[in-house]
Amino acid sequence: MAKPQKDRDEATAKRRKAAGEEELRHRVRPGILAILADLMEWGEHTERTECLQTLLLNVHALGRDQAAALLQPPRHEISISPSVARQLYQQGAEQAGRLDRQEQ
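As the structure is a prediction and not an experimental result, all values here were calculated from the model.

S.K.: Which residues make up the overall build of the protein chain, and what are the values?
M.R.: What the protein chain contains, in helices and strands, is five helices and zero strands. The order of α-helices and β-strands along the protein chain, N terminus first, is α-α-α-α-α. For 104 residues, the compact-globule estimate of 2.2 N^0.38 gives 13 Å, and the C-alpha radius of gyration of the protein chain, at 27 Å, exceeds that figure by more than 25%. Overall size of the protein chain, expressed as C-alpha extent along the three principal axes, is 90 × 35 × 25 Å. Within the protein chain, buried positions represent 6% of all 104 residues. Each charge class in the protein chain was averaged separately, 16 positive and 16 negative side chains, and the resulting centres sit 7 Å apart.

S.K.: Give me the lowdown on unusual backbone geometry, citing residues and values where you can.
M.R.: For Glu44, which is not glycine, the phi dihedral falls at a positive 55 degrees. Relative to the assigned elements, Glu44 resides in the loop between helix H2 (30-42) and helix H3 (48-61). Residue classification places Glu44 among the exposed positions, given a relative accessible area of 71%.

S.K.: Which residues make up H3, and what values go with them?
M.R.: For H3, which comprises 14 residues, the first-to-last C-alpha distance of 20 Å matches the rise-based estimate of 20 Å (1.5 Å per residue) to within 8%. Just downstream of H3, Gly63 is the residue with a positive phi angle, here 95 degrees.

S.K.: Help me get a handle on the environment of His26, residues and values and all.
M.R.: Of note, His26 is situated in the loop between helix H1 (5-19) and H2. Put simply, His26 and Gln90 are 64 residues apart on the chain and 46 Å apart in space, counted from C-alpha to C-alpha.

S.K.: I'd like a description of the packing of H2 against H3, backed by residues and values.
M.R.: Between H2 and H3, the least distance of the axes is 10 Å, while the angle of their chain directions is 80 degrees. When the interaxial angle is binned, H2 and H3 end up roughly perpendicular. Between H2 and H3, the contacting residues are Leu33, Leu36, Leu39 and Met40 on the first element and Arg48, Cys51, Leu52 and Leu55 on the second. When grouped by side-chain class, the residues that make up the contact of H2 with H3 number seven nonpolar, no polar and one charged.

Conventions and cut-offs
Residues numbered from 1 in each chain as written. Predicted model: local features only at pLDDT ≥ 70, side-chain atom pairs only at ≥ 80, totals over all residues. Heavy atoms only, no water. Helix = DSSP H or I, 4+ residues; strand = E, 2+ residues; numbered from the N terminus. Rg over C-alpha atoms; globule rule 2.2 N^0.38 Å. Buried < 20%, exposed > 50% of the residue type's maximum accessible area, 1.4 Å probe, protein only. Lys, Arg positive; Asp, Glu negative; His and termini not counted. Charge placed at Lys NZ, Arg CZ, Asp CG, Glu CD. Expected span 1.5 Å × (residues − 1). Axes fitted to C-alpha atoms, helices over the stretch in contact; angles between N-to-C directions. Parallel < 35°, antiparallel > 145°, perpendicular 65-115°, else oblique. Contact = heavy atoms within 4.5 Å. Nonpolar A, V, L, I, M, F, W, Y, C, P; charged D, E, K, R; others polar.

Treat this as a map of the structure, not an account of what it does.
If you want it as C-alpha cells, here you go:
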C-alpha cells in the first residue's frame, strides 16, 4: 500500500532539513523573466532553479574580482542636449524671478 501524501511530505521535509536546504523566493518583473528565459535557452536549461544555480556556481568560480565586475548594477548614462539645458536654465531663471518678486 502506498504511503499517504502527508507521510511523503513529512519525509521530504526531514530530508531537506537534514541536507540544510533553504527555499529562496524572489519576485521579478517581466524584463527579468525575459532575461532568465534567454539564459535558460542559451544554456539549454528546462528549469529556472537549475539555470540560477548554474549561474551562481559559475560566477562564484570566477573569483572575487571578476565576479564583482559582473555583479555591478548597470548604470544608465543621462545626457542632456544643449537645447534641453537651455530650456531648463530659462525655466529655472523664470522661477527664481517669480520667487524674488514674491519676497519683495
